[in-house]
Each structure stands twice: as C-alpha cells, then as structure tokens.
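# Chain and residue survey
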Amino acid sequence: FTSLHRNPLVTGLLHALVIGCVGLVVTAPAAFAQAGANPGDEAEIRAVVARQGDTWSRHDAPGYAALFTEDCNVVNVLGWWWKGRAELQTKLTAAFAFVFAESHLTITDVQTHFLKPDVAVAHAHWTMTGARNPTGGAPQPSAGIQTLVLTKTAGHWLIAEFQNTNGMPERPFPTGPVPAGGAKP
C-alpha cells in the first residue's frame, strides 16, 4: 500500500474519488428536492390520474370534473377545447347520456415528472371500450395517451391542463412517396 500511496497517479485518482463523493453528498439532496417534492406526491398524482378511469366508467361527470382545477383547460381526442371545470362537467354530462353511456376507461402506465415541487407533468396510457360512434356505427375499442399538468393547491393535486390523443402503434416513417396504386417502390 505504501508504494501505491506514493504513486502520483493513484494519489490523484483517490483525491478525485473523494472530491466526487463529497460533491455527490452535497448536491444530491438539492437535486432530489428540485426534482420533486415529498415521496407521497408522486403516489397522489398517480391516484388522481387513475381516478379518471373510475369516475369515467361510472359515468360520473361531476366526480370526473372534480379532478380538475376550476380554471382547467381540456383538449379531448377530437381537438375540442373545453375551458374550466364547469364546461368540462357540462360537456361530459351530455356525452355520458349517449356516446359514452356504456364506455369503460382504463388508465395505465402513469409516468410523472416534477417541474417544481407543486407542478408536475404526467403521461398516461388509456384504453376505452363501449363508446358509441356518434354516427351510429358499432363501438370501437380505442387507446391513446394523455398529457396532464397537475398543480398542488391547498395540499391536493388537481389536473390543470389536459391533452388527450388517440394512439396507434408507432411505425417507421416512409422513405419516399408512395407510387400510384399504393405499392412501395
């Protein structure tokens, strides 16, 4: 060990290791605090997002709308923009009367990212069955992804911004124009 201790390369590596460990101990708490709030916040956010499925599947427009802030913005899969909890509740009440009267919403794979301790972005996959086609066709199962911005107010997380997108399996982009007749070159 004595000969290793005298080796300048080994001594330099040991110093770098010690400095690196000290730096990690000093900066890690700040990084964790910036990333997120307390550990219970992520669980509460996941619960709020999951409650969408419960309230939707019960066709409970007031319960679903209560997951959102009073001044929320909601963009549904058709691109319709609803402003505020009251409008969201009104539109869903009408939708649950026929189009979504037999629908069932399942929320899965909720991932969160904290922007600040009281602001988080969540992405969630969803599937829906039983929705009626407004034009009278047979119901089609559908799936997609939601992007949600949640804020913590008075100790509770609510959805402030919501974007819903129908999904389809990802596939490679075309490498050129498709010739007439649909066959690839």
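These lines cover the structure that appears in this document, whether it is placed above or below. All figures in this text were calculated on a predicted structure; none of them were measured in a lab.

## Examining the sheet that holds strand 4 (residues 119-129)
- An order of 2-1-6-5-4-3 is seen for the 6 strands of this open sheet, with the pairing classed as mixed. Looking at the sheet topology across the chains shown, the edges are occupied by strand 2 (81-83) and strand 3 (104-116). Ignoring strand direction, the axes of neighbouring strands in this sheet form an average angle of 20°.
- As judged from the 4 bridges shared by strand 1 (residues 68-75) and strand 6 (residues 156-166), these two strands associate in the parallel manner. By the bridge assignment for strand 6, Val-74 is matched with Phe-162.
- Packing of helix 3 (residues 39-57) onto the sheet brings it into contact with strand 3, strand 4, strand 5 (142-153) and strand 6, and relative to strand 3 it is tilted by some 155°.

## Looking at the packing of aromatic side chains
- Here the structure, examined in full by the defined rule, presents 6 aromatic pairs.
- Plain terms: the ring middles of Trp-56 and Tyr-64 are 5.6 Å apart, the flat faces sit at 70° to each other, and that makes the pair edge-to-face.
- Residue Trp-56 is classed as buried on the basis of its relative accessible area, which comes to 8%.
- For Tyr-64, a relative accessible area of 4% translates into the label buried.
- For the pair Trp-56 and Phe-96, a centre-to-centre distance of 4.9 Å together with 80° between the ring planes defines the contact as edge-to-face. You can see Trp-56 sitting in helix 3 and its partner Phe-96 sitting in helix 5 (residues 85-97), a full 40 residues away along the chain. One exposure class covers both Trp-56 and Phe-96, and it is buried.
- Here a set of aromatic residues connected by ring pairs shows up, and it is made of Trp-56, Tyr-64, Phe-68, Phe-96, Phe-100 and Phe-162.
- Over the ring of Trp-81 we find Lys-83, and its NZ or CZ is 4.1 Å from the ring centre.

## Structural notes on unusual backbone geometry
- The residue Asp-109 is not glycine, and still its phi comes out positive at about 50°.
- Exposure remark for Asp-109: the relative accessible area of 43% places this residue in the partly exposed category.

Cut-offs applied
- Residues numbered from 1 in each chain as written.
- Predicted model: local features only at pLDDT ≥ 70, side-chain atom pairs only at ≥ 80, totals over all residues.
- Heavy atoms only, no water.
- Pairing = 2+ DSSP bridges.
- Helix = DSSP H or I, 4+ residues; strand = E, 2+ residues; numbered from the N terminus.
- Axes fitted to C-alpha atoms, helices over the stretch in contact; angles between N-to-C directions.
- Contact = heavy atoms within 4.5 Å.
- Phe/Tyr/Trp six-rings, centres within 6.5 Å; stacked < 30°, edge-to-face > 60°.
- Buried < 20%, exposed > 50% of the residue type's maximum accessible area, 1.4 Å probe, protein only.
- Lys NZ or Arg CZ within 6 Å of the ring centre and 35° of its normal.

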